[in-house]
Each structure stands twice: as C-alpha cells, then as structure tokens.
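Chain residues, written in single-letter form:
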Amino acid sequence: MSRRCQWYNHPLDCSSSFATLQVLTVSQLNPRQQEAVRYIEGPSLVLAGAGSGKTSVITRKIAYLIEHCGIPARQIAAVTFTNKASREMKERVSKLVSKPASRGLTVATFHNLGLTILKEEHDHAGYHPGFSIFDAEDARALLRDLLMQDNQETGDEAGDAQMKISDWKNACLLPSEALSRASDEREQRLALIYKRYGEYLRAYNAVDFDDLIMLPVILFRDNPEVLIKWQGRIRHLLVDEYQDTNLSQYELVRQLVGHRHGLTVVGDDDQSIYAWRGARPENLVQLKDDFPSLKIIKLEQNYRSTRLILRAANTLIANNPHVFEKALWSELGTGEKIRVLRCRSEDSESERVATEILDRKLRSGLKFSDFAVLYRGNHQARLLEMKLQAYNIPYRISGGTSFFAKNEIKDAMAYLRLLINTNDDTAFLRIVNVPRREIGPRTLEQLGIYARARGIGLISALQAMGAASHVSERGLDKLRRFSEWLERTTQRLREEDPIAVIKQLFSDIEYDEWLHQNSNTPKQAQKRMENVWYLVDSLQKMMSPDPEKDREESTLEDAVSRLVLRDMLERQEEEDDDDKVQLLTLHASKGLEFPHVFILGLEEELLPHRASIEEQNIEEERRLMYVGITRARETLTLSFAAQRKQYGEKYETIPSRFLDELPEEDLAWEGMGDLDKEANQKRGKATLSALLGDLGD
DNA sequence: TAATGTAGAGTTTTT
DNA sequence: CTCTACATTA
C-alpha cells in the first residue's frame, strides 16, 4: 500500500486500506493533523490548505471522540454543505468506526440538519407536520404571482426579489426588520413583497431553502428551553468548509455550541469562491472574537501536488491580503514546469487541448479519466465538446440539467407534495392540468380570487365554494372530481402501502400516455417514465430500514422532504469511474483532484471575469484560479486564445493578469513564439490605460 | 393549441 | 452568434 494513498479523496483509490486502521486512528497523521484531532479542550479552527487532508482530520476526529473520549456518537454532529460531501464523510467514518459505535452519529448538510430541527420543533415555528419545501423555482413562481397581483405588470422582478429576500433570510432579518432598514424606495417595495411572500408560504404550510436555516435560528432565539434541549443533544459539532458559511448558518452554529467547547471548524480562506451567493469568509476571523479561547491549527503539508504546482499556487495567492498566513509545501517531487499554451483562437485552443490529451494518453499509457479541463463559464465547454467528439475522446460534463430539473420529476414531486400537504398551492397549480383535466386559466383565476379573499388554500376553497360563485358549472365539476380523487388517494395512503398507492396514482392519471403525447420520440417518453419510476424506487429505498447503512425506517413525509433537498442516497456513482475526460467549471472543481489539469481561457475579462473586474472583486477570482491550480496532482497546463469570438464578433484578447502573478521561472510557454512580446505589450498598455482611466474620471 | 417570429440577454451554484 | 422567453398568428 502506498503511503500517499490514504490522503487521496477518491474512496476508490484507498477503500480497502481503511478497514484495518481502526486502532491506528491517530498515529498515521502528521503532527499538525494529530494536534487537530486530539485537541478537545476548547473550540478549534483548522486552517486546512488545499490537499492537506482536511476530510481525514474531520473523520478521524469523529472516530477519536467516539473511541478515545467515550463521547456517544449520538452527541456528535458533522455538518457539510453538499450532499456529496456528507455522503463521502459518512462513508469514510464508517471505515474508521464500527457500526454499533457510530450508531446515532449525525452527518448532514446544514439544510438537512435545519430540516431535522424544524420537523421536531415545527409547532414552535408555527408550522404543521408535513410542511412542504419550496425549491428555488417554486419560490420564484410564487413571487412572480405576487408581483403580478399588485403591479399588474410583468413578474420580471421575481428573480431580483428572490435574491434580495434570500439575502435577508441569510442575515436572519424578518420582513419588519428588512422594511425598517430599507434604504430606498425599491428596497421598501421588496420588503413588502417579502412580508407577503412569508404570509403565503405560511398559508401553504411551506418553507423555502433559506427558511431551513433561518427558522431554527429564530426558533432557538425565542425558545431558550428548546435550544438547551438541542445543545444537550449535540455536544460536539464539526463544520466542514467553514469559509462557505453565511450569517444564518454561523448563527446556528453559535447557538448550538453556546458557551461550551465542543466545536471544530475546518476551512480555507483561500478557497472561498462563493461570496457571491452569500458566503462570508469573514466568519473565519469572527470566530476568534466569538470564541476567545479558539485554538488555531494550520495544515500546510500538501499530499496532492508537485512542488512547482504548489509554488505557483502560493505565489498567485500571495497577491491577496491575508489574515492568516499560510504556505503549502509538499514532499512529492519537483514535477514538470507549468505549461502555458498560447493559441491563435478559441478554436485552436480547444483543438490543442484535445490533441494534447490524446497524445499524452497514448504516449504515457494514461487513462482519459486522468485528465480534467477546467474553465470559468459553462459556454466554454461547447467548443471543446465538439473537438473531443471529433477525436472520439469520451468526456463527461458536470452540471447538465439535473435530475430534479426534469419536468416529469417536477410533476411527480408536485403530486407527492400535494398528497402530504393539501395546502401546497404551488404544487396544486403545477399539476392540476397535468395531464389535461380541462381546467382552464379562467376557472383557476376565479378559484384563486375566492381563496385569496378568504385567506385559504385553493383546495380548501374549492371544497367550500358553492354554485353561486363565478366559476362555471363545468369548471367546478372538473375541479371537484380532481379534488375528490386526490382526497381518496390521500386517504388510501394512510391505510395501504404508500409505495403501492403512489404507483397506482401514476397509473390513475395515465401519466405514461401523457408523456408519450408530450415527448418528441417514444424513446424519450419511455426514458422519462423510467425517471419517474426511478424516483419512486428511491422513495421506497429511503423509507425502508437498512441496518447496513444505519438507516431507520422513515415515513413518506420524511422521505419526500429529504428528496426535495436532493438528498438521494446512492445515485449514479458507478458511472463515475468510467474512463472519461472531465469537463468542469472552476467552481465545480472544488474538492476534486486530477493527475493532469488544463485550465482554459486565461484572459482578462474571462478569468478574471469581466463582471468581477467591474465590481473590483479580483480577489475572489484569484481564489478561483488558486482552486483550479491546486486541483492538479502532476501536471498543469494553462491556455489562452489571442482572439476570441464574442457575440458573433471577433475580439483581440489580453492575457490574464494571473499569468503575471505566477513564478516566471516555473512556466514553459508554448506556441506562437513571436506573439509573446506583442501580447505582453498589449497587456501593459491596457493596464496602463485602465489606470489612467481611473485617474481621469 | 401549436407554430412561428422577435426581442433581449449573455458568470459562477447548492440546498 | 445562439439560446431563451414571450407574443402573435393561423
């Protein structure tokens, strides 16, 4: 077994070696890591550079707490941001700690933890059991309706409103507080929308994603005795990727920890690339003030990359201001120089990368899956895709339309939500006419007016509505029929096997036929129906107990809400080890590693991106570049195009300033030799004129 | 209801 | 340029 193996993130590389390590939990770590694992006297912050084994520290600390400190697993909670990270963590813990000993351990995402709290304490928050969770699209649809209601104009602002409301919720501001802090007329208007949005959600017995964090925080604030109960339940809290927490998440952490010491957070300020969606890397610094006894431990030994790659990363990131100084070092070899490919056009850039991958694979006996191509924006993948296809190179693109974005899945989920929560009007509106029930917009409009006047849900409204209303006889009849069928199905759900009832539901509505009518090809229709059955299968799996995976029996309610949070158990993991070149955005690459990495488009306005230059937010772009560089284990290749087509027109580009920030002696430039100086001059001029422009204005 | 036309935009993404 | 969303038309 190679010594390096244990640090690799890929469970595939090392799964077999873990089983025997139980007793060795701490001893195989380096001194810094050991210190991080063993320190339990107070709150600690582990500043873990890229590739320094941070997941190992968390998982081994969990094992240490359980086996060495005798803390029951049920009193330990580890929190991550993504389901993927939490799945991986669970897997790795299970290899360190025996099943009975790890029983009751909580490893969850922030949102899942919030959901657990909210489910148990729903009455303190004014919610009923079985509440729905609105995803971003549901929330936007509701906001669009609200905006159109009083504005009688378009709901164009829905996206803006959603972002603003999300900001407010992330800061734990209630509508009234948002209103009193509103600085201009527009914010006031949005704050009023926020208020009504909240009222509607409550009427629907629904929460949105942000509520899953904010509502527990408010609930704990208002009910100290409930907080004490949860503090008693979680005695040690571990937080992964701490630099990605937003204000409300930090608040939740602070509440749960209270005045006690059981807190371990792991993070890297240099890998904070999500500030644009509310993450506050300042939370790392704040921690020192909030917990004066905070112990700070730095992990600087990198087990992933060659020295030259790390030197490039360190040199680049040194251009950012730092509160915590940190320099990665490595015992792995020096490695090859970092190559910089100068290309004539974006077309030749893709061409070059494709041929290069093919050439290197054949020459060095590598696999396609040893290569990854990273870029700033998704559109950059398109050209590359064509080239890869032309050379018959298999590839995998991250971030295609997700399973849950598919229409058939949204429909199916809406049916499920409606079964659990009749007040979920958004779900009702989505499927009331899917498949066709000849219930038109006019009928629904009238029903909506009736319901709104009385402040009740649409289904309640239609049950209460008499013939005297403005709804046509015909429309009312159709609606009634639908609601009665729904009522019957809900009833049966309580008496029979839920999965059987759900299967029956889809055959009742003849969903298969509907899909065939509304798909382009029979093949596609079949595929879509299979997706629905896959969903039902997942539900079934999630509901049935599995002692292997420490999973207890759960209700349909529970399973559906976890599904909305995309917390599907195992999904398409087998496909991952296919031998394919990986194409991903720099953002999506965080947390991953590859032997050979290409980063495309090192040009001003692209990387750093134009919007970031305008907002003067170069530092986050630099961190993005840093994340990209530190993904590489053995070789790193950067490229840029001298000319790029943008919106149909050709533009001369300027090489990225980040190229200047790398150690010159470690770079090997290739291609278009004489354009070298020209490009540099161009960049010099541009920077100069930008400077002059600033002064001039 | 489906099909065609046209205006407008055009980072990063998870839950 | 290319894709999306919405509106107008048959």
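Here's what I pulled together on the structure shown here. Everything numeric here is computed off the predicted structure, so don't read it as measured data.

Across a regular strand the side chains alternate sides, sitting on one face of the sheet and then on the other. Burial within strand β12 (residues 371-375) is extensive, with five of its five residues counted as buried. Residues F371, V373 and Y375 line one face of β12 and the alternating positions A372 and L374 line the opposite face, and both faces are buried. Of the pairings in the sheet, the one linking β12 to strand β15 (residues 594-599) comprises four bridges and is parallel in character. Directly across from F371, in β15, lies its bridge partner H596. Alignment of β12 against strand β14 (residues 581-585), held across four bridges, turns out to be parallel. Its bridge partner being in β14, Y375 is matched across the sheet by T585.

Between helix α6 (residues 110-120) and helix α26 (residues 556-564), whose axes approach to 11 Å, the crossing angle comes to 150 degrees. In terms of orientation, α6 lies roughly antiparallel with respect to α26. The crossing of α6 and α26 is right-handed. Contact residues: N112, L115, T116 and K119 in α6; E557, D558, S561 and R562 in α26. Of the residues belonging to the contact of α6 with α26, the class tally is one nonpolar, three polar and four charged.

Around DNA strand B, the surrounding shell holds 21 residues, and the nearest of these are N83, R376, N378, T585 and S612. Considering the 4 Å shell around the protein, atoms of DNA strand B inside it are sugar or phosphate in 44% of instances. For DNA strand B, a base oxygen lies 3.3 Å from a polar atom in the side chain of W276. R277 is positioned such that a nitrogen or oxygen atom in its side chain is 3.3 Å from a sugar or linking oxygen of DNA strand B. Residues belonging to the surface near DNA strand B are distributed by class as follows: seven nonpolar, nine polar and five charged.

Strand order in the open sheet formed by six strands is β3-β2-β6-β7-β1-β8, and the pairing between neighbours is parallel. The open sheet is flanked by β3 (106-109) and β8 (295-299), the only strands paired with a single partner. Across the sheet, the axes of successive neighbouring strands diverge by a mean angle of 15 degrees, strand direction being ignored. Alignment of strand β1 (residues 44-48) against strand β7 (residues 263-267), held across four bridges, turns out to be parallel. Bridge pairing in β7 places S44 opposite T264. Running at roughly 170 degrees to strand β6 (residues 236-239), helix α3 (residues 54-67) makes contact with β1, β2 (76-80), β6, β7 and β8 of the sheet. Running over the sheet, α6 touches β2, β3 and β6 and is turned about 110 degrees from β3.

The next point concerns a negative patch on the surface. On the surface, D508, E510, D512 and E513 cluster together into a negatively charged patch. Of note, E510 is situated in the loop between α23 (498-508) and α24 (511-517). Take E510: its relative accessible area is 46%, and that puts it in the partly exposed class.

Our next topic: the pattern of salt bridges. Throughout the structure, instances matching the rule amount to 52 salt bridges. A salt bridge links D268 to K326, with the nearest nitrogen and oxygen atoms 2.9 Å apart. With a gap of 58 residues between them, D268 in the loop between β7 and α14 (282-290) and K326 in the loop between α15 (307-317) and β10 (329-330) connect regions that are remote in the sequence. Here D268 matches K326 in class, with each residue buried. Among the ionic pairs, K326 bridges to D270, the shortest N-O distance being 3.0 Å.

What counts and how
Residues numbered from 1 in each chain as written. Chains lettered and ligands numbered in written order. Predicted model: local features only at pLDDT ≥ 70, side-chain atom pairs only at ≥ 80, totals over all residues. Heavy atoms only, no water. Buried < 20%, exposed > 50% of the residue type's maximum accessible area, 1.4 Å probe, protein only. Helix = DSSP H or I, 4+ residues; strand = E, 2+ residues; numbered from the N terminus. Pairing = 2+ DSSP bridges. Axes fitted to C-alpha atoms, helices over the stretch in contact; angles between N-to-C directions. Parallel < 35°, antiparallel > 145°, perpendicular 65-115°, else oblique. Left-handed = near helix turned anticlockwise from the far one by under 90°. Contact = heavy atoms within 4.5 Å. Nonpolar A, V, L, I, M, F, W, Y, C, P; charged D, E, K, R; others polar. Near = heavy atom within 4 Å. Polar contact = N/O pair within 3.5 Å; in protein donor to acceptor, adjacent residues only side chain to side chain. Patch = residues over 30% accessible without salt bridge, like charges linked within 9 Å, V, L, I, M, F, W, Y side chains within 5 Å. Areas by Shrake-Rupley, 256 points an atom, 1.4 Å probe, with all protein chains shown as cover. Salt bridge = Lys/Arg side-chain N within 4 Å of Asp/Glu carboxyl O. Lys, Arg positive; Asp, Glu negative; His and termini not counted. Charge placed at Lys NZ, Arg CZ, Asp CG, Glu CD.

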